[in-house]
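Observations on chain architecture
If you want the building blocks of each chain, they are given just below.
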Amino acid sequence: MAIAHLVATRSTCLRRRVGAVLVKDNRILCTGYNGAPSGLRHCLEIGCLRDKLGIPSGERHELCRGLHAEQNILVQAARHGIVVADSTLYSTTFPCVICAKLLINAGVNAIFYVQGYPDSLTRDMLEEAGISLIQKDFSASNDILQGLERCG
């Protein structure tokens, strides 16, 4: 989870920094963070469309320049030919319903996460799919990250 927190520091989202790591057989397959697609201007540069429109968290996902960390992780795996079936996701934030559907079809078996997300349909779908959901306080990973920041 410390790696997921570190990956989240790459996020270009003004609202929430999310990092994710996909693991299989104790091996990191891929990482992802939330931000604009490759080659497009980031919200850090042009501002947040969702803030400008007053859209609350958890609603109208299509009105955002960015991809979620889970979406980016699956895109990166696909681009590099990495099989993600039977893997485990470690994420700083619980997935939204769109990401949940992608993770289900990708064959992810378990999701470890720190923060919740205001989307009740997600939990129902993931549980119906048989995906293990484990929320944990990973304060130790925050301690590691703060130590890395102090090192420069």
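Right, let's walk through the structure included here. (Residues numbered from 1 in each chain as written. Predicted model: local features only at pLDDT ≥ 70, side-chain atom pairs only at ≥ 80, totals over all residues. Heavy atoms only, no water.)

1. Structural notes on the packing of helix H5 (residues 97-106) against helix H6 (residues 120-128)
As a reminder of what qualifies: Every axis in this analysis is a line fitted to C-alpha atoms, fitted for helices over the stretch in contact. Angles between the N-to-C directions lie between 0 and 180 degrees. Working definition: helices are DSSP H or I runs of at least four residues, strands are E runs of at least two. Numbering for both runs from the N terminus. For classification, angles of less than 35 degrees are called roughly parallel, those exceeding 145 degrees roughly antiparallel, those between 65 and 115 degrees roughly perpendicular, and all remaining angles oblique. Left-handed is the label given to a crossing in which the near helix is rotated counterclockwise from the far helix by less than a right angle, and right-handed is the label when the rotation is clockwise. The criterion used for residue contact is that any of the two residues' heavy atoms lie within 4.5 Å.
Close contact between H5 and H6 brings their axes to 8 Å; oriented N to C, the two are set at 15 degrees. Relative to H6, the element H5 lies roughly parallel. When the axes of H5 and H6 are compared, the crossing they make is right-handed. Along its contact with H5, which presents Val97, Ala100, Lys101 and Ile104, the element H6 presents Leu121, Thr122, Met125 and Leu126.

2. Quick word on the sheet that holds strand S1 (residues 19-24)
Basically, it comes down to this: A pair of strands counts as paired when DSSP detects no fewer than two bridges linking them.
Taken in spatial order, the 5 strands line up as S2-S1-S3-S4-S5 in an open sheet, and their pairing is mixed. Of all strands in the sheet, those with a lone pairing partner are strand S2 (27-33) and strand S5 (132-135), marking the two edges. With strand direction ignored, the average angle separating the axes of adjacent strands in the sheet is 20 degrees. In this structure, S1 lies alongside S2, joined through 6 bridges in antiparallel fashion.

3. Quick word on the layout of surface pockets
Formally: The distinction between a cavity and a pocket rests on a 1 Å grid over the protein atoms alone: a 1.4 Å probe fits inside a cavity but cannot get out, while a pocket stays open yet meets protein on both sides within 12 Å along at least five of seven lines, and a residue with an atom within 4 Å of a point counts as lining. Grid points are joined across faces, edges and corners, and a volume is the space filled by probe spheres set on the points. Asp, Glu, Lys and Arg are counted as charged, while Ala, Val, Leu, Ile, Met, Phe, Trp, Tyr, Cys and Pro are counted as nonpolar; the rest, among them Gly, fall into the polar class.
Here the largest pocket defines a volume of roughly 400 Å³. Considering the residues around the largest pocket, the lining is formed by 27 residues, among which Cys13, Arg16, Asn34, His68 and Tyr117 are closest to the centre. Every element with two or more residues in the lining of the largest pocket is listed here: helix H3 (49-53) and helix H4 (69-79). In terms of residue class, the lining of the largest pocket is built from 13 nonpolar, 9 polar and 5 charged. By volume, the second largest pocket amounts to about 230 Å³. Looking at the lining of the second largest pocket, the elements with two or more residues in it are S2 and H4. For the lining of the second largest pocket, the leading source of residues is H4, giving 4 residues. Taken together, the residues that form the lining of the second largest pocket break down as 5 nonpolar, 8 polar and 1 charged.

4. Looking at the packing of aromatic side chains
Short version of the rule: Two rings from Phe, Tyr or Trp (for Trp, the six-membered ring) form a pair when their centres sit within 6.5 Å of each other. Planes less than 30 degrees apart are called stacked, planes more than 60 degrees apart edge-to-face, and all others tilted. Here the term buried applies to any residue with accessible area under 20% of the maximum for its type, exposed to any over 50%, and partly exposed to those in between, with areas from a 1.4 Å probe on protein chains only.
Using the criterion set out here, one finds 2 aromatic pairs in the structure. For the pair tyrosine 90 and phenylalanine 112, a centre-to-centre distance of 4.9 Å together with 10 degrees between the ring planes defines the contact as stacked. Here tyrosine 90 is found in strand S3 (residues 88-93), whereas its partner phenylalanine 112 is found in strand S4 (residues 110-115), with 22 residues between them in sequence. Judged by its relative accessible area of 23%, tyrosine 90 falls in the partly exposed class. With 4.7 Å between their ring centres and 65 degrees between their planes, phenylalanine 94 and tyrosine 113 make a pair best called edge-to-face.

5. A short note on the pairing of S1
When you tally the buried positions in S1, you get 5 out of 6 residues, the bulk of the element. Here S1 hands over to S2 after 2 residues, with aspartate 25 in that stretch at a positive phi of 55 degrees. Relative to S3, S1 runs antiparallel, the two sharing 4 bridges. Among the inter-strand pairings, valine 23 is bridged to a residue of S3, identified as threonine 88.

Any link to function would need more than the numbers given here.
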